[in-house]
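Structural characterization, general
Now for the letters of each chain:
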Protein chains: 2
Amino acid sequence: MKERYEQLLLIYKEMQVVGQIGMLLGWDQEVLMPKGGIIQRSEQQGYIAGLNHKVSTNPKIGELLKEIKEHEDYAKMSEIEKRNIHLIQRDYDKVTKLPEDFVIEYTKTSVIAVEAWKEARAENDFSKFQPFLEKIFEMAKQYANYISPDIPPYEVLLDDFEPGMTSEKYKEIFTPLKEATIELIRKCKEASTQPDTSLIYRKVPLDIQDKLSNDLVPLINFNMKKGRIDVSTHPFTTGAYDDVRITTRYRVDDFTSSFFSVMHEGGHGCYEQNQAEEWRYQPVGNYCSLGLHESQSRFYENTLGRSKSFWFYYLDRFKELTGNIFSDVQYEGFIRAINAVEPSMIRVEADEVTYNLHIILRFEIERDLFAGKIEIKDLPRIWKDKMKEMLGIEVKKDSDGVLQDIHWSGGTFGYFPTYSLGNVYAAQFFNKLIKDIPDWNIKLEKGDISSILDWMKTNVQEKGNLYEAPDLVKVVTGEFPTPKYLIDFLKKKYSALYGF
Amino acid sequence: MKERYEQLLLIYKEMQVVGQIGMLLGWDQEVLMPKGGIIQRSEQQGYIAGLNHKVSTNPKIGELLKEIKEHEDYAKMSEIEKRNIHLIQRDYDKVTKLPEDFVIEYTKTSVIAVEAWKEARAENDFSKFQPFLEKIFEMAKQYANYISPDIPPYEVLLDDFEPGMTSEKYKEIFTPLKEATIELIRKCKEASTQPDTSLIYRKVPLDIQDKLSNDLVPLINFNMKKGRIDVSTHPFTTGAYDDVRITTRYRVDDFTSSFFSVMHEGGHGCYEQNQAEEWRYQPVGNYCSLGLHESQSRFYENTLGRSKSFWFYYLDRFKELTGNIFSDVQYEGFIRAINAVEPSMIRVEADEVTYNLHIILRFEIERDLFAGKIEIKDLPRIWKDKMKEMLGIEVKKDSDGVLQDIHWSGGTFGYFPTYSLGNVYAAQFFNKLIKDIPDWNIKLEKGDISSILDWMKTNVQEKGNLYEAPDLVKVVTGEFPTPKYLIDFLKKKYSALYGF
């Protein structure tokens, strides 16, 4: 029994090692691979993908799972051991339900669709993307059908990205969130005090921004002995345990782009670095869910990074590190500028308040698409209508509208909602944190960020994948996920900032 | 038949892809991996090594080889196809002769021996290394025994590193080379004109040295769209085809360290980049042998890089790029300085003339060790005696003597001779090149380095592994490898430089 369990974990470890190798290939490709190496790299990536599939469908996994579960000592196993077995079983069931031919075809189709999307976006021409999107959309439904033929495809996909989530549960979260957000945006717009955001766009030389990154990284306890920070077109985090790599991008006329990317990716990175050492290479020693992962990045970036308390400590240091560029800047004005609420076209550039509407918009479109209520050919129009309705914005170009995100072209429908879920989790964690550490703001104001981060490490990060995300939220906060803390947080923060 | 051949090439391609993945893991480890990632990386490397062994011992290879060779159409296959089959067969025979247990044990032992060597070298204490060296030496013999039990082990190893080579053939090359070199060193020492090498040690800031590297790389046609240059503790080259990476290291008080490393590794790198596109992922589309690889690096570094003609063109540019550091330097004096012949302790720092004696010393020791004429415990003394006899140098510390190289600790006996073979090949190629391009020196003096490199590309590099190294040398130069061109080259060059 014990031997079989260990054998099972060994196969799981093999899967993790192969995954890590794939992650390095991907990181290298984005960060420093010579351009000409792309075909060679895709051969390597293809090989690793095939290997991954082979390792994770190893029939030995099924045999071991069956033997362990049917064993008389199974009931006596610890909760951790049972959770490991459950997680391996869940993945194994999924991956073995997918015919290999389909997996290969799906991957190929998505690669082609991504290329078509890039072209269509560059040329601002949705019609060029439409047939590919239709194809990959059909395949996503087929994928869901292989996994659970008796459940509506969108429900399968939502659960695939965030175990336990359904469109109904998302609706329960998004309906009040949407309402409150629209109300908040209106109030901010009507407020008599409007922020002066011009300071954001002051030119900050890249070497100074690089200095800022390197100052920030230890401050948020991202361990550079077990990680790196580099530059790539789109910021991302990859790797695991003792080799976690984050990236940022620098814009000379917008320091916030890199600054908050470092905070955001640093949050993802710390979550990976802080996985419990004793569970290494076990399913429980992994991140819990995409929503949970995003809760960490959002917490570092927004809850901490855009807070008054953090900047009470950091603004002087920031001014010092940036020379005399911001020497005239006042604390209150700075806070208002980096928290300005401004409905905008592009999701990844959206502020903390409007961001969730970008997600809810995508969720509603996905839901209606899968329900057959709308058609792909109508997406540009629907997108524009919704942007007008929700954010009051006129989308003029599809490249700034329906064509802005890569996700759908890669076949990832049902992924977007996890982003807002991250915000919900983060606010709920924060609500508990400030009860556990009543003087949290005094600590932050003194630059003691570690106390805050240690709480998150102990209570959330080190728990890995021991619980499903909603259960983990319950364990940590005493309540299942609810949008009320996010709504309260935003209301309180922005009414103070805008004075309404 | 055709189908089987293609199947065979497909398996071979798989081996290459796995090899490339392993190379990237290794490169990353040396160049930028966070320190803490080492254990994780060794898991990944171990996995790839196991995969490599699995893929290259795939019984399907043996079956396909047999079916192809027994097929009635086999005789009708092209020379290239037959060469591919031969090379796959050769590797397959070798790798399948080694019991898996032995391979694992050998790898583990060498890892431990390398660690012991590092410690012993740091502490200048051979006795700490001796038992490990004895162990790995026995295993190297055992390795040779598995490959060819009827042939003396050292002969097996020499052939393993450089197919077709034997100790007798090396002796034929090394005996006259040794004699001529000792004579040359004596004459240089006695010459009335001695170089002033002090300019070598002028401080050159690292950013300037970096500028030099980036200037040099395109000059030698190393394609940065298909490659990179980075910094590592020991310079090396890795990768293949469209993703080839070279490294260098910078010493502020010796610009030649990096400058000639870039030339040297650039030679290795161009050889990889210039493999024929139509033979990609086939055995013939690989480098020919270690000696051939070294002939390219040595050609770029020494034959070109330390030549009067190259510096006739480059010195002005060099002076410009380095600001006013070398503005007072005279052409003749500079050439003499970078070509100074000075017997020294350390192989990797040796000049073009004395270098071969360092190799011959190692060859003689290896040969006598395997012949049972000497024992490992006596190596420190033997090393000192030979250094005294051949280079006239008193070795005071074993860390500067027998402990200086990593090779033996890794079990690589029989590798060193390929380095001098590289010099022999390079000189022989050069002798042909200057017949084919009679105005080569005028071209070089004008900065037209491409003409020279194109000759090497067409005649040597693009030939890949179509021939055994000695046959390739014959095809290119009309003669089998002979040391006479190297000896002539050195005599001519150094008599002119030292005026004897």
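None of the values given here were measured: they were computed from a predicted structure.

1. Some points on the overall build of chain A
In terms of regular secondary structure, chain A is built from 20 helices and 3 strands. Computed over the C-alpha atoms, the radius of gyration of chain A is 23 Å, within 12% of the 23 Å expected from 2.2 N^0.38 for a compact globule of 500 residues. Counting only C-alpha atoms and orienting by the principal axes, one finds that chain A spans roughly 70 × 50 × 50 Å. Taking the intrachain contacts of chain A between residues at least 6 apart in sequence as the baseline, contacts between residues at least 24 apart amount to 72%.

2. With respect to helix α18 (residues 449–459) of chain A
Residues and elements named next belong to chain A. All of the buried residues along α18 are Ile452, Leu453, Trp455 and Met456. When α18 is viewed along its axis, its buried side chains cluster within an angular range of 150° and face the same direction. Each element contacted by the buried residues of α18 is listed here: α11 (290–304), α16 (417–436) and α17 (440–445).

3. Thoughts on the relation of the copies chain A and chain B
Superposing chain A onto chain B takes a rotation of 179° combined with a translation of 0.0 Å along the rotation axis, leaving an RMSD of 0.1 Å. This pairing of chains is accounted for by a two-fold axis. Mapped onto chain B, 100% of the interface residues of chain A are again interface residues, and the two copies thus contact each other with one and the same surface.

4. Considering the pairing of strand β2 (residues 237–240) of chain A
Regular strands show a simple pattern: their side chains alternate between the two faces of the sheet. Here β2 of chain A pairs with strand β3 (residues 243–248) of chain A via 4 bridges, running antiparallel. Across the sheet, Thr238 of chain A pairs through a bridge with Arg245 of chain A, a residue of β3 of chain A.

5. Quick look at the packing of α11 of chain A against α16 of chain A
All names here are of chain A. Two elements in contact, α11 and α16, have axes whose closest approach is 7 Å; the angle formed by their N-to-C orientations is 65°. In this structure, α11 crosses over α16, and the sense of that crossing is right-handed. Here Leu290, Gly291, Leu292, Glu294, Ser295, Arg298, Phe299 and Thr303 of α11 come into contact with α16, specifically with Thr418, Tyr419, Leu421, Gly422, Asn423, Tyr425, Ala426, Phe429 and Phe430.

6. Some details on the sheet that holds strand β3 (residues 243–248) of chain B
Residues and elements named next belong to chain B. The mixed open sheet is built from 3 strands, whose spatial order is β1-β3-β2. The sheet is open, and its two borders are formed by β1 (227–231) and β2 (237–240), each paired with just one other strand. Averaged over all pairs of adjacent strands, the angle between strand axes in this sheet comes to 15°, irrespective of strand direction. In the packing of helix α10 (residues 255–273) onto the sheet, contacts are made with β1, β2 and β3, and the angle to β3 comes to roughly 165°.

7. Notes on α16 of chain A
Spanning 20 residues, α16 of chain A covers 29 Å between terminal C-alpha atoms, matching the ideal 28 Å at 1.5 Å per step. Counting buried positions along α16 of chain A yields 15 of 20 residues, so the element is predominantly enclosed.

8. Concerning the domain arrangement of chain A
All names here are of chain A. Partitioning chain A into domains gives domain 1 (2–97) and domain 2 (125–500). Every contact between the two is made by 17 residues of domain 1 and, on the other side, 15 residues of domain 2. Considering every element that reaches the side of domain 1 that touches domain 2, the biggest residue donor is helix α1 (residues 2–31), with 10 residues. Broken down by class, the residue content of the side of domain 1 that touches domain 2 amounts to 8 nonpolar, 4 polar and 5 charged.

9. Considerations on the interface of chain A and chain B
Put simply, an interface is often sized by how much accessible area is lost when its parts join up. The interface is formed by 25 residues belonging to chain A together with 25 residues belonging to chain B. Listing elements by their share of the side of chain A that touches chain B, those giving two or more residues are α1, α2 (38–56) and β1 (227–231) of chain A. Residue contributions to the side of chain A that touches chain B peak at 6 residues, all from α1 of chain A. Across the side of chain A that touches chain B, the residue classes break down as 11 nonpolar, 6 polar and 8 charged.

10. Notes on the sheet that holds β1 of chain A
Neighbouring strands of a sheet are bound in pairs by backbone hydrogen bonds; such pairs are parallel or else antiparallel. Residue and element names in this part refer to chain A. With mixed pairing, 3 strands are arranged side by side in an open sheet as β1-β3-β2. With one partner strand each, in any of the chains shown, β1 and β2 form the two edges of the open sheet. Here the strands of the sheet are splayed against their neighbours by 15° on average, with no regard to which way each runs.

11. Re the environment of Arg306 of chain A
Residues and elements named next belong to chain A. Tracing the sequence through the fold places Arg306 in the loop between α11 and α12 (308–321). Judged by the 18 C-beta atoms lying within 10 Å of it, Arg306 is partly exposed. Sequence spacing of Arg306 and Ile335 is 29 residues, and the spatial spacing of their C-alpha atoms is 7.4 Å.

12. Observations concerning the packing of helix α6 (residues 126–147) of chain A against helix α7 (residues 153–161) of chain A
All names here are of chain A. Where α6 meets α7, the closest approach of the two axes is 8 Å, and the angle between their N-to-C directions is 80°. Taken together, α6 and α7 sit at an angle that is classed as roughly perpendicular. In this structure, α6 uses Ala140, Lys141, Ala144, Asn145 and Ile147 to contact α7, whose residues at the interface are Pro153, Val156, Leu157 and Asp160. Considered class by class, the residues forming the contact of α6 with α7 number 6 nonpolar, 1 polar and 2 charged.

13. Overview of the environment of Ile452 of chain B
Residues and elements named next belong to chain B. By the secondary structure assignment, Ile452 is in helix α18 (residues 449–459). Owing to 25 C-beta atoms within 10 Å, Ile452 belongs among the buried residues under this scheme. Each C-alpha atom of the pair Ile452 and Ala276 lies 18 Å from the other, and the pair is 176 residues apart in sequence.

14. Focus on the nonpolar core
Formed by 95 residues in total, the largest nonpolar core has its most connected members in Ile220 and Phe429 of chain A. If near-sequence neighbours (up to four positions away) are discounted, Phe429 of chain A is found in contact with Ser295, Phe299, Met456, Val460, Val476 and Thr477 of chain A.

Conventions we followed
- Residues numbered from 1 in each chain as written.
- Chains lettered and ligands numbered in written order.
- Predicted model: local features only at pLDDT ≥ 70, side-chain atom pairs only at ≥ 80, totals over all residues.
- Helix = DSSP H or I, 4+ residues; strand = E, 2+ residues; numbered from the N terminus.
- Rg over C-alpha atoms; globule rule 2.2 N^0.38 Å.
- Contact = placed C-beta atoms within 7 Å.
- Buried ≥ 20, exposed ≤ 12 C-beta atoms within 10 Å, placed from the backbone.
- Arc of directions from axis to C-beta.
- Least-squares fit on C-alpha atoms with pLDDT ≥ 70 in both.
- Pairing = 2+ DSSP bridges.
- Axes fitted to C-alpha atoms, helices over the stretch in contact; angles between N-to-C directions.
- Left-handed = near helix turned anticlockwise from the far one by under 90°.
- Expected span 1.5 Å × (residues − 1).
- Domains from an automatic or database assignment.
- Nonpolar A, V, L, I, M, F, W, Y, C, P; charged D, E, K, R; others polar.
- Parallel < 35°, antiparallel > 145°, perpendicular 65-115°, else oblique.
- Core = buried A, V, L, I, M, F, W, Y, C linked by C-beta atoms within 7 Å.

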